[in-house]
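Listed below are the residues making up each chain.
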Amino acid sequence: EKPWDVDGIDHWKVEPFTKEDNPNGLLDESSFATLFPKYRETYLREVWPSVTRALKDQGVACELNLVEGSMTVRTTRKTFDPYVIIKARDLIKLLSRSVPAPQALKILQDDVQCDVVKIGGLVRNKERYVKRRQRLMGPNGSTLKAIEMLTGCYVLVQGNTV
């Protein structure tokens, strides 16, 4: 019998990480960078202010380098959540993979994760691979929408990845 384990407790609730949980901040600076394709440049330039705003709220600095075609995120003195740099890394990876910014920014929430699944090597036959990928999409993306509605996930099929 555990005296602290009463009926009114939601064991699956994710408690938000606040500044009070780590008032002294982080000891060292961490940073991640990722490259993005040339065709994403105009879209990224357009949405970058909202990305910067969302990351600034978390205490993370970001930089968009159009010359190199790279995005960089790094912790600052105001960063209080040690895991937010991993979420910021995932954010720039999603943005470079053509995920729309409103969907990608959801990764900064505590109860949201992302995963990129490589499906290119599952089938040797190219024709069979294309048919299976098309089956996953469905006519006019209807199967993909059904998967999204049933799972509550955003799903993007692009090239050899889901």
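Residues numbered from 1 in each chain as written. Predicted model: local features only at pLDDT ≥ 70, side-chain atom pairs only at ≥ 80, totals over all residues. Heavy atoms only, no water.

K.L.:
It is not clear to me how the side chain of Lys 87 should be interpreted in this structure. Could you clarify?
P.N.:
Topologically, Lys 87 is positioned in helix α2 (residues 84-96). Within the buried core, Lys 87 has no salt-bridge partner, and the shortest N-O distance to an opposite charge, that of Asp 110, equals 5.6 Å. Setting aside anything within four residues of it in sequence, one finds Lys 87 in contact with Ile 107, Leu 108, Gln 109, Asp 110 and Val 112. (Helix = DSSP H or I, 4+ residues; strand = E, 2+ residues; numbered from the N terminus. Buried < 20%, exposed > 50% of the residue type's maximum accessible area, 1.4 Å probe, protein only. Lys, Arg positive; Asp, Glu negative; His and termini not counted. Salt bridge = Lys/Arg side-chain N within 4 Å of Asp/Glu carboxyl O. Contact = heavy atoms within 4.5 Å.)

K.L.:
Could you clarify how one ought to interpret the packing of helix α1 (residues 41-58) against α2 in this entry?
P.N.:
The relative placement of two packed helices comes down to the angle between their axes together with the axis-to-axis distance. At a closest axis distance of 12 Å, the pairing of α1 and α2 adopts a crossing angle of 170°. As far as their axial angle goes, α2 and α1 are roughly antiparallel. Facing Leu 44, Trp 48, Val 51, Leu 55 and Gln 58 of α1, the residues of α2 in contact are Val 84, Ala 88, Leu 91 and Leu 95. Here the residues of the contact of α1 with α2 are counted per class, giving 8 nonpolar, 1 polar and no charged. (Axes fitted to C-alpha atoms, helices over the stretch in contact; angles between N-to-C directions. Parallel < 35°, antiparallel > 145°, perpendicular 65-115°, else oblique. Nonpolar A, V, L, I, M, F, W, Y, C, P; charged D, E, K, R; others polar.)

K.L.:
I keep staring at the nonpolar core and nothing clicks. Help me out?
P.N.:
Considering soluble globular proteins, one finds that nonpolar side chains tend to be buried as a cluster. Core analysis: the largest hydrophobic core is formed by 24 residues, its most contacted members being Leu 55, Met 71, Val 73, Leu 91 and Leu 95. Where this core is concerned, the elements lending two or more residues are α1, β2 (60-65), β3 (70-75), α2 and α3 (101-105). Here this core gets 7 residues from one element, more than from any other, and that element is α2. Residue contacts for Leu 91: discarding those within four places in its chain leaves Val 51, Leu 55, Ala 104, Leu 105, Ile 107 and Leu 108. (Core = buried A, V, L, I, M, F, W, Y, C linked by side-chain atoms within 4.5 Å.)

K.L.:
I keep staring at the sheet that holds β3 and nothing clicks. Help me out?
P.N.:
Two orientations exist for strands paired in a sheet by backbone hydrogen bonds: parallel and antiparallel. Taken in spatial order, the 3 strands line up as β1-β3-β2 in an open sheet, and their pairing is antiparallel. Edge positions in the open sheet fall to β1 (31-35) and β2, since each of these has one partner strand only. Put simply, the sheet's adjacent strands are angled 15° from each other on average, direction ignored. Alignment of β1 against β3, held across 5 bridges, turns out to be antiparallel. Paired with Thr 34 across the strands is Met 71, a residue of β3. (Pairing = 2+ DSSP bridges.)

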